[in-house]
Amino acid sequence: MTITAPPPPPSPATPAARPLLKATGEPLRERAFKWMLWFCMAVGLVTLVVLLVYVFIRGWGALDTRLVTNMPSSVLPATAGAQSAITGTLWLMVFTAIWAMPTGILAAIYLEEYGDPTRWYNRVIEINILNLAAVPSIVFGILGLAFISRGLGFGPTILTGSITLALLVLPIVVIASREAIRAVPQSIRAGSLALGATRWQTVYRQVLPAAIPGIATGAILALSRAIGEAAPLLMLGVSFVRFNPDGLMSTFTALPVQIYNWTTESRPEYTELAAAASVVLLVLLLAMNSVAIYIRNKTQRRW
Amino acid sequence: MAALVSVATTVGIVISLFVPAFQFFQEVPLTDFLFGTTWSPTFANPGFGVWPLVVGTLLITVIASIVALPLGLGSAVYLSEYAEDRVRRTLKPALEVLAGIPTVIYGFFALTLVTPLLRWLIPGDAEIPQIYNALSAGLVMGVMIIPTIASLSEDAMSAVPSGLRQGAFALGSNRRQVATRVVVPAALSGITAAFVLGISRAIGETMIVVMAAGLQPNTSWNPLEIHQTMTAFIASTAAGDIATGTTIYKTIFAVGALLFVMTFVMNMISIRLVRRYREVYE
């Protein structure tokens, strides 16, 4: 890059002036560093795009209504669908939400509004939740297998699966709800208490309604984690099922498990089905995340 | 109270892992488990040395870290120090989508696209790498943990007070120098926490390794070969219907206990480090 020197001196420029002028451009090193950072960003984003496009193209041939209308089959790939896996996933999500939401929100209310953070037991709970959020999902699978599936004798049912997944996502619900509750300004609480409301009335009528958007967003994100989990379900013994679940004690299969089963089949038709089922799963996830973003944009309040 | 459910879960995990694991160690000596080099619990003449599973786990974790640590840190520096506000608000969520993709889809991706791609890229024998191999699983897992590392590191860098940056600029530093000599060192504990958490996620990841790295224990460090990790062993063994109370059933818990201890220690380190930078700057 050349820069025209403002006052053009008639005499040949002084030798010291040239490097000074050159230094105003961006040195090569700076540009190289910036390009390197760009590259780091790009690898992740490009892989994401490649993955999405690849799964879509691979599954295109099997992406039709039979995925929803037909049952899985291990002998006839041409007519195999994923109905029992889709209904299984939906049942699982509903009950995971029923177990995890109230527990997680109550835990968050306790930690934010009631618990004294200087007490040792509250700090233990807090650190414990942070740690639990990073425990591998397969360890939750072991817990579900040992305690719920075999210990309580529930077997690989919707009940076992949903409790296991609820425990898995509980830390996420608690952490997100706590953040939402913490974002409600202290003055709202003070005002409510000053008007004679009790602590619980303040929480129930002021803090919670104000924190609902944040809590809902966190809850949906937690569920979108649960919907994609295959490892803990495999641990529980969830596998191939050709019927829709009809109750809590019904055995079932779920989309991620079905994708895994189809991937392990050697026939290429099943690879196509695995890709098609992946597209269905991704669409469900996309729908959930859109709802979360919609809620956040619609109800975002500034204090 | 509801908060106690989380504590109960932890207690439940510890009991459900360590009681059967303890029974396991009454049948198989702890030293055989930790230092043995043959893992063949289902054979007539069983070997219970966990070393081959540890090799598989470490090998894949190292590959994933080589991918994810630099790329994640680079992305974080870009997002925090270079990107304009508007760009950051689009790119950060886009990157975080990577963390939301179900791992079973990553496994599918690794097995059906990345492995054939590697075979095409690596000249010579068409059977190298093997159809199940550690490299493909490690690379895809690396991409999966980029957002974990990028997000947490970016949080740490954003917490560095802008006064430090302005001071450095005032002394004549350029952006690169501010980023590498001021912001990164100041955010180091947060960045380390991000690294530790990312590695912990890699160790605990199951579906990618089950699907792409295979189910055969291997003591060689060759990433082009089939490897079984601790998580893959647990998942595949439990999925096969095995009777409660047998030694093989208890191996699940012994390996699970080892996995839990490894990730638990790393998570605690990470939580500690995050607290440290919060205390300094907030």
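This one's a predicted model, so the numbers in the text were calculated from it and none came from an experiment. (Residues numbered from 1 in each chain as written. Chains lettered and ligands numbered in written order. Predicted model: local features only at pLDDT ≥ 70, side-chain atom pairs only at ≥ 80, totals over all residues.)

Trainee: What's the story with the overall build of chain A in this structure? I'm lost.
Mentor: Of regular secondary structure, chain A possesses twelve helices and zero strands. Reading the helices (α) and strands (β) of chain A from amino to carboxyl end gives α-α-α-α-α-α-α-α-α-α-α-α. Taking the principal axes of its C-alpha atoms as reference, chain A extends roughly 95 × 70 × 35 Å. Long-range pairs, those at least 24 residues apart, make up 74% of the contacts in chain A between residues at least 6 apart in sequence. (Helix = DSSP H or I, 4+ residues; strand = E, 2+ residues; numbered from the N terminus. Contact = placed C-beta atoms within 7 Å.)

Trainee: Honestly, the environment of B:P147 in this entry has me stumped. Any pointers?
Mentor: For B:P147, the location among the structural elements is in helix α6 (residues 134-158). The spacing of B:P147 and B:A76 is 71 residues in sequence and 9.0 Å in space, taken between C-alpha atoms.

Trainee: Quick question: what am I supposed to make of helix α11 (residues 255-264) of chain A here?
Mentor: Burial of α11(A) is extensive: nine of the ten residues sit out of reach of the surface. Taken as a whole, α11(A) has its buried residues at A:L255, A:P256, A:V257, A:Q258, A:I259, A:Y260, A:N261, A:W262 and A:T263. For α11(A), the elements touching its buried residues are α4 (83-114), α10 (231-236) and α12 (268-299) of chain A together with α5 (103-121) and α10 (207-212) of chain B. (Buried ≥ 20, exposed ≤ 12 C-beta atoms within 10 Å, placed from the backbone.)

Trainee: Please explain the nonpolar core as it appears in this structure.
Mentor: Buried together is how nonpolar side chains tend to be arranged in soluble globular proteins. Core analysis: the largest hydrophobic core is formed by 177 residues, its most contacted members being A:I142, A:V169, A:V173, A:A277 and B:V140. Formed jointly, this core draws a minimum of three residues from each of two domains, domain 1 (24-62) and domain 2 (66-299) of chain A. A:V173 has contacts with A:A100, A:M101, A:G104, A:I105, A:G218, A:A219 and A:A222, leaving out every residue within four places of it along the chain. (Core = buried A, V, L, I, M, F, W, Y, C linked by C-beta atoms within 7 Å. Domains from an automatic or database assignment.)

Trainee: Would you mind going over the packing of α5(B) against α6(B) with me for this structure?
Mentor: Axis angle and axis distance: for two packed helices, these are the angle between their axes and the distance between the axes, and together they describe the pair. Residue and element names in this part refer to chain B. For the pair α5 and α6, interaxial distance at closest approach is 9 Å and the crossing angle is 125°. One element, α5, and the other, α6, form an angle in the oblique class. For the crossing formed where α5 meets α6, the hand is right-handed. Here α5 contributes Y106, F109, A110, V114, T115 and L118 to the contact with α6, which in turn contributes L135, S136, A137, L139, V140 and M144. Residues that form the contact of α5 with α6 fall into these classes: ten nonpolar, two polar and no charged. (Axes fitted to C-alpha atoms, helices over the stretch in contact; angles between N-to-C directions. Parallel < 35°, antiparallel > 145°, perpendicular 65-115°, else oblique. Left-handed = near helix turned anticlockwise from the far one by under 90°. Nonpolar A, V, L, I, M, F, W, Y, C, P; charged D, E, K, R; others polar.)

Trainee: Just to check I follow, could you spell out the interface of chain A and chain B for this structure?
Mentor: Interfaces are frequently sized by the accessible area removed from exposure as the parts join. On the side of chain B, 65 residues touch chain A, which itself brings 62 residues to the contact. Of all elements in the fold, only α2 (28-59), α4, α5 (120-132), α6 (137-151), α7 (158-182), α10, α11 and α12 of chain A reach the threshold of two or more residues within the side of chain A that touches chain B. At 17 residues, α2(A) tops the list of elements feeding residues into the side of chain A that touches chain B. Of the residues belonging to the side of chain A that touches chain B, the class tally is 46 nonpolar, twelve polar and four charged.

Trainee: Explain α6(A) here, please?
Mentor: Quick reminder: α-helices carry 3.6 residues per turn. Residues three or four places apart thus point the same way. All names here are of chain A. Of all the bends in α6, the largest measures some 35° and sits at G144. In terms of burial, α6 is largely enclosed, as twelve of its 15 residues are buried. Residues of α6 that are buried: S137, I138, V139, F140, G141, I142, L143, G144, L145, A146, I148 and S149. Phi turns positive one or two residues past the end of α6, at G153, with a value near 75°. (Bend = angle between axes of the 7 residues up to and from the residue.)

Trainee: What should I look at first to understand the domain arrangement of chain A in this one?
Mentor: Residues and elements named next belong to chain A. With domains assigned, chain A is organised as domain 1 (24-62) and domain 2 (66-299). Computed from C-alpha coordinates alone, the two centres of domain 1 and domain 2 are separated by 31 Å. Tallying the contact residues gives six residues for domain 1 and seven residues for domain 2. Its residues placed into classes, the side of domain 1 that touches domain 2 shows three nonpolar, two polar and one charged.

Trainee: Any chance you could explain the confidence of the model for chain A here in plain terms?
Mentor: Within chain A, residue pLDDT values average 84, and 90% of them lie at 70 or more. The low-confidence segment residues 8-21 of chain A (pLDDT under 50) makes three contacts with residues lying over four places distant or belonging to another chain. (pLDDT = per-residue confidence, 0-100.)

Trainee: How should the packing of α11(A) against α5(B) be read in this particular structure?
Mentor: Across the interface, α11(A) lies against α5(B) with an axial gap of 9 Å and an inter-helix angle of 20°. In terms of orientation, α11(A) lies roughly parallel with respect to α5(B). Classified by chirality, the crossing of α5(B) by α11(A) is left-handed. Judged by residue contacts, A:P256, A:I259, A:Y260 and A:T263 of α11(A) engage B:V104, B:G107, B:F108 and B:L111 from α5(B). The residue inventory of the contact of α11(A) with α5(B), partitioned by class, reads six nonpolar, two polar and no charged.

Trainee: Sorry if this is basic, but what is going on with the environment of A:E113 here?
Mentor: Residues and elements named next belong to chain A. In this structure, E113 sits in helix α4. For E113, a count of 17 C-beta atoms within 10 Å translates into the label partly exposed. Sequence separation between E113 and T202 is 89 residues; the distance between their C-alpha atoms is 10.0 Å. Apart from residues lying up to four places away in sequence, E113 is in contact with V203 and V207.

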